[in-house]
Amino acid sequence: QVPLVESGGGLVQTGDSLRLSCDASGRTIKHYTMGWFRQAPGSEREFIASITGWTGGSKLYADSVKDRFTVSRDNAKNTVYLQMNNLKPEDTAIYYCTVKVVPGTSRWAEDYNYWGSGTQVTVSS
């Protein structure tokens, strides 16, 4: 069990920015790939971004957020971040942090092992 707590969501306007945090305090994540997914009402959960562990650090982004979102991590704090800039109404969703225990990155939700409860991001038009 790896506890994950997302925070930083909220209600913003188009063009605004938010930084989401994923806190895994007490459970080291430095060896793990960390991912961000989101799920809008009536939609499937979709991949947003991932970052490999301390021995790698490679990043992947969904095309819809590339050049707007940035994933980063602070292994000393057991925290992963998602900086979201130039937000659009279509970014409205619940955002989830997740952990992939098996080495390597993935865009597929089924490859990740532990999930937070999510944080709501709402972008008004």
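Reference entry: report on the structure contained in this document. (Residues numbered from 1 in each chain as written. Predicted model: local features only at pLDDT ≥ 70, side-chain atom pairs only at ≥ 80, totals over all residues. Heavy atoms only, no water.)

### Focus: the packing of aromatic side chains
Phase 1: In the structure shown here, the tally under the stated rule is four aromatic pairs.
Phase 2: Aromatic ring contacts, followed pair by pair, group Phe37, Phe47, Tyr112 and Trp115 into a single cluster.
Phase 3: Of note, arginine 45 hangs over the ring of tryptophan 115, and the distance from its end group to the ring centre comes to 4.8 Å. (Phe/Tyr/Trp six-rings, centres within 6.5 Å; stacked < 30°, edge-to-face > 60°. Lys NZ or Arg CZ within 6 Å of the ring centre and 35° of its normal.)

### What about the state of the cysteines?
Phase 1: One pass over the full model with this rule turns up one disulfide.
Phase 2: The residue that forms a disulfide with cysteine 22 is cysteine 97, at a sulfur-sulfur distance of 2.0 Å. Since a negative S-S torsion denotes a left-handed disulfide, the cysteine 22-cysteine 97 link at about -80 degrees is left-handed. In this pair, cysteine 22 is assigned in strand β3 (residues 18-23) and cysteine 97 in strand β9 (residues 93-100), connecting sequence segments 75 residues apart. Here cysteine 22 matches cysteine 97 in class, with each residue buried. (Disulfide = S-S within 2.5 Å. Helix = DSSP H or I, 4+ residues; strand = E, 2+ residues; numbered from the N terminus. Buried < 20%, exposed > 50% of the residue type's maximum accessible area, 1.4 Å probe, protein only.)

### Comments concerning the pairing of strand β8 (residues 79-84)
Along a regular strand, successive side chains alternate from one face of the sheet to the other.
Phase 1: Burial analysis of β8 places five of its six residues in the buried class, the great majority of the element.
Phase 2: Taken together, the six bridges between β3 and β8 define a ladder with antiparallel strand orientation. What sits directly across from arginine 19, in β8, is glutamine 83.
Phase 3: When strand β7 (residues 69-74) meets β8, the two strands line up antiparallel, connected through six bridges. Paired with serine 72 across the strands is tyrosine 81, a residue of β8.
Phase 4: Where β7 folds back onto β8 in an antiparallel hairpin, the turn is made up of four residues, including asparagine 78, whose phi is positive at roughly 50 degrees. (Pairing = 2+ DSSP bridges.)

### Digging into the nonpolar core
Phase 1: Membership of the largest hydrophobic core comes to 30 residues, with the highest contact counts inside it found for Met34, Trp36, Leu82, Met84 and Tyr95.
Phase 2: Contributions of two or more residues to this core are made by β3, β4 (33-39), β5 (46-51), β7, β8, β9 and β11 (119-124).
Phase 3: When neighbours within four sequence positions are excluded, leucine 82 is seen to be in contact with Leu18, Arg19, Leu20, Trp36, Ile48, Ala49, Phe69, Thr70, Val71 and Tyr95. (Core = buried A, V, L, I, M, F, W, Y, C linked by side-chain atoms within 4.5 Å. Contact = heavy atoms within 4.5 Å.)

### Considering the sheet that holds strand β1 (residues 5-7)
Phase 1: Overall, antiparallel pairing links the four strands, which are arranged β1-β3-β8-β7 in an open sheet. Edge positions in the sheet fall to β1 and β7, since each of these pairs with one other strand and no more. Within this sheet the neighbouring strands show an average axis-to-axis angle of 15 degrees, counted without direction. (Axes fitted to C-alpha atoms, helices over the stretch in contact; angles between N-to-C directions.)

### Some remarks on the environment of phenylalanine 37
Phase 1: Considering the arrangement of structural elements, one finds phenylalanine 37 in strand β4.
Phase 2: Judged by its relative accessible area of 1%, phenylalanine 37 is buried.
Phase 3: Counting along the chain gives 58 residues from phenylalanine 37 to tyrosine 95, while the straight-line C-alpha distance between them is 5.8 Å.

### Re the environment of serine 58
Phase 1: With respect to the helices and strands, serine 58 occurs in the loop between β5 and β6 (59-61).
Phase 2: Along the backbone, serine 58 and tyrosine 95 are 37 residues apart, and their C-alpha atoms lie at a distance of 21 Å.
Phase 3: When near neighbours in sequence (up to four residues on either side) are disregarded, serine 58 contacts Ser50, Ile51 and Thr52.

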